[in-house]
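Given next are the chains, with one letter for each unit.
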Amino acid sequence: MLYYVILLVLSSIGIFLVFSKKIYIHTSTMAVVMAFGIIIQGVFTNFFGNRFFYGKAGEILSIIILALWISFSFSFLLSYFNKKFKSVHYSNPINRFGIGTWVAGTSITGILIYKEFIDWSFISQILLFINIILWILYIGGSVRALYELHQNNLSKNVHGILLLTTVSTQSIVLLISTINQNVPFEVDVFLIILGICFYLISAFYIIKRYVTTDSWTIKTDWNNTNCILHGALSITGLACVVSHVLSKHSVVLIWVLAAIVFLFIELIEVYRLFNRIKYYGMKKGMLVYDVSQWSRIFTFGMFYTITFQSAPNHYFLSLIRNAIITSGIWVIIILGVFELFLCLKHCMVTNKKLSAPLQKSSVSK
């Protein structure tokens, strides 16, 4: 009963803020839910054990995530009823891929609720039904967006957001396999292969952009979402683990591939960070919030999770795995806290800007 009350209070506060200030959040904001969800379910649970996850801390954190999901979903619905949905979320074909965070965020929320609260399993069933419909609509919109990008020569602007097609598809596998233990083998295989196909197509467009475009710079044109290049591989491997589609040896191969891509992408990110600090200074080069930064937290958490689930026989690979498990959690915690600080700071600044017109209006009266 207590958790129902906490959920009701937190959700009511979130809905009130969204409604009263008419907040139409960024399309990819559900990445916040994705990031916190994988930290709880994939990182903390694996590192600290089930005692943490099924204890008070895990329960409260899961409630907070569900409340965030409800608040964000209300904002999306509000944009629809106020006829802002198309302009905010759909008209831009590249931004349209961000709807994939809604699918993945709903999946991780459904998994958390199903595993944490046995009596609330019906909520996970409802979320599964909603998510399958949402995923079908999203994939249809994404295929259309890919066609528009090709026809209108917009591929020069693509980035890692395209890979949310893979992330969302594999998240459906995770949710279905968690709730239903008797999923037909063919369904899992079809979804995983479809996700891999989307990965190959998206990666092709992203690589083509940076290889064939001459006028791009690392400090302004390398997007945060490009980290999904390794995150999408990690969630694919995890989907194979949960659905038992591939052998443990095959999953290790996916983990190795994800680790190679992770190293390559994050070295670019470090190089980009130094360039931004050198050019813009510390404040504008590093201490700037963007919703896409949550994708990095999610991909780090997903890579940590697939690392934990892998069991390499090779001695050298085992050493690498143990090093990632031992030190990786603290990297993720630091990044998560840092991102949360930037997010809260951004929200306070935004709130002041929204309140300023109201204050001026009251003074004039």
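Every value quoted in this text rests on a predicted model; they were computed, and no experiment measured them.

S.K.: Just to check I follow, could you spell out the pattern of salt bridges for this structure?
M.R.: Any two side chains of opposite charge can pair if their charged atoms end up close together. Applying the stated criterion across every chain, the model contains four salt bridges. Among the salt bridges present, the one from Arg96 reaches Glu148, with a minimum N-O distance of 3.3 Å. Taken together, the positions of Arg96 in the loop between α5 (85–90) and α6 (100–116) and Glu148 in helix α7 (residues 121–151) put the pair 52 residues apart, joining distant regions of the chain. Neither Arg96 nor Glu148 differs from the other in exposure class; each is buried. If you follow the salt bridges from partner to partner, you end up with Arg96, Arg144 and Glu148 in one network.

S.K.: Teacher, can you tell me more about the side chain of Ser295 here?
M.R.: Secondary-structure assignment places Ser295 in helix α14 (residues 294–309). A polar side-chain atom of Ser295 sits 2.4 Å from the main-chain carbonyl oxygen of Ser292.

S.K.: Sorry if this is basic, but what is going on with the packing of aromatic side chains here?
M.R.: Given two aromatic rings, one states the distance between the centres and the angle between the planes to describe the pair. Tallied over the full model, the rule gives 19 aromatic pairs. Between the aromatic rings of Tyr80 and Phe81, the centroid separation amounts to 5.5 Å while the plane-to-plane angle is 80°, which identifies the pairing as edge-to-face. Neither residue differs from the other here; Tyr80 and Phe81 are each classed as exposed. Ring centres of Tyr210 and Trp216 lie 4.7 Å apart, and the angle between their planes is 70°; on these two criteria the pair is classed as edge-to-face. The aromatic ring of Tyr90 is capped on one face by Arg96, whose charged end is 4.0 Å from the ring centroid.

S.K.: In this structure, what is going on with the confidence of the model for the protein chain? I would like to understand it.
M.R.: Should the pLDDT be low somewhere, the predicted coordinates at that spot are not to be read in detail. For the protein chain, the mean per-residue pLDDT works out to 91, and 96% of the residues sit at or above 70. Between the elements of the protein chain, mean pLDDT differs from a low of 74, seen in helix α3 (residues 50–53), to a high of 97, seen in helix α8 (residues 164–179). Note on residues 361–365: pLDDT is under 50 here. Beyond four places in sequence and across chains, it has zero contacts.

S.K.: What should I look at first to understand α7 in this one?
M.R.: Three- or four-residue spacings in an α-helix give side chains the same orientation, since the helix completes a turn every 3.6 residues. For α7, with 31 residues, the first-to-last C-alpha span of 44 Å sits near the 45 Å given by 1.5 Å per residue. Phi turns positive, to about 55°, at Asn153, one or two residues after α7.

S.K.: Please clarify how unusual backbone geometry should be interpreted in this entry.
M.R.: Across the chain, the bulk of peptide bonds are trans and the bulk of non-glycine residues have phi less than zero. Backbone geometry places Lys22, a non-glycine residue, at a positive phi of 50°. As for its placement among the helices and strands, Lys22 is situated in the loop between α1 (2–21) and α2 (31–48). For His244, which is not a glycine, the phi torsion comes out positive at approximately 60°. One can find His244 in the loop between α11 (228–243) and α12 (248–280).

S.K.: Explain the packing of α2 against α6 to me, please; I cannot follow it from the model alone.
M.R.: In a pair of packed helices, the angle between the axes and the distance between the axes together describe the arrangement. At a closest axis distance of 8 Å, the pairing of α2 and α6 adopts a crossing angle of 35°. Taken as a pair, α2 and α6 cross one another with a handedness that is left-handed. Residues Ala31, Val33, Met34, Gly37, Ile38, Ile40 and Gln41 of α2 lie in contact with α6, whose contacting residues are Thr101, Ala104, Gly105, Ile108, Thr109, Ile111, Leu112 and Lys115. Of the residues belonging to the contact of α2 with α6, the class tally is nine nonpolar, five polar and one charged.

S.K.: Could you clarify how one ought to interpret the side chain of Thr101 in this entry?
M.R.: Here Thr101 lies in helix α6. Its relative accessible area of 3% is what places Thr101 among the buried residues. One polar contact links the side chain of Thr101 to the main-chain carbonyl oxygen of Thr27, over a distance of 3.5 Å. At a separation of 2.7 Å, a polar atom in the side chain of Thr101 contacts the main-chain carbonyl oxygen of Gly98.

S.K.: Looking at this structure, how should I read the nonpolar core?
M.R.: Looking at soluble globular proteins, one finds that nonpolar side chains tend to be buried together. With 102 residues, the main nonpolar core has Phe97, Trp120, Val167, Leu229, Trp294 and Phe298 as its most contacted residues. No other element matches the ten residues that α2 contributes to this core. When residues no more than four places from it in sequence are discounted, the contact partners of Trp120 are Tyr3, Tyr4, Leu7, Ile63, Leu66 and Ile113.

S.K.: Help me understand the state of the cysteines, please; the structure alone is not making it clear to me.
M.R.: If you walk through the whole model with that rule in mind, you get zero disulfides. Here Cys197 is not cross-linked by a disulfide; its sulfur's nearest cysteine counterpart is in Cys240, at 13 Å. This cysteine, Cys227, is not joined by any disulfide, and Cys343 carries the nearest cysteine sulfur, 16 Å off. What makes Cys227 buried here is its relative accessible area of 0%.

Conventions we followed
- Residues numbered from 1 in each chain as written.
- Predicted model: local features only at pLDDT ≥ 70, side-chain atom pairs only at ≥ 80, totals over all residues.
- Heavy atoms only, no water.
- Salt bridge = Lys/Arg side-chain N within 4 Å of Asp/Glu carboxyl O.
- Helix = DSSP H or I, 4+ residues; strand = E, 2+ residues; numbered from the N terminus.
- Buried < 20%, exposed > 50% of the residue type's maximum accessible area, 1.4 Å probe, protein only.
- Polar contact = N/O pair within 3.5 Å; in protein donor to acceptor, adjacent residues only side chain to side chain.
- Phe/Tyr/Trp six-rings, centres within 6.5 Å; stacked < 30°, edge-to-face > 60°.
- Lys NZ or Arg CZ within 6 Å of the ring centre and 35° of its normal.
- pLDDT = per-residue confidence, 0-100.
- Contact = heavy atoms within 4.5 Å.
- Expected span 1.5 Å × (residues − 1).
- Axes fitted to C-alpha atoms, helices over the stretch in contact; angles between N-to-C directions.
- Left-handed = near helix turned anticlockwise from the far one by under 90°.
- Nonpolar A, V, L, I, M, F, W, Y, C, P; charged D, E, K, R; others polar.
- Core = buried A, V, L, I, M, F, W, Y, C linked by side-chain atoms within 4.5 Å.
- Disulfide = S-S within 2.5 Å.

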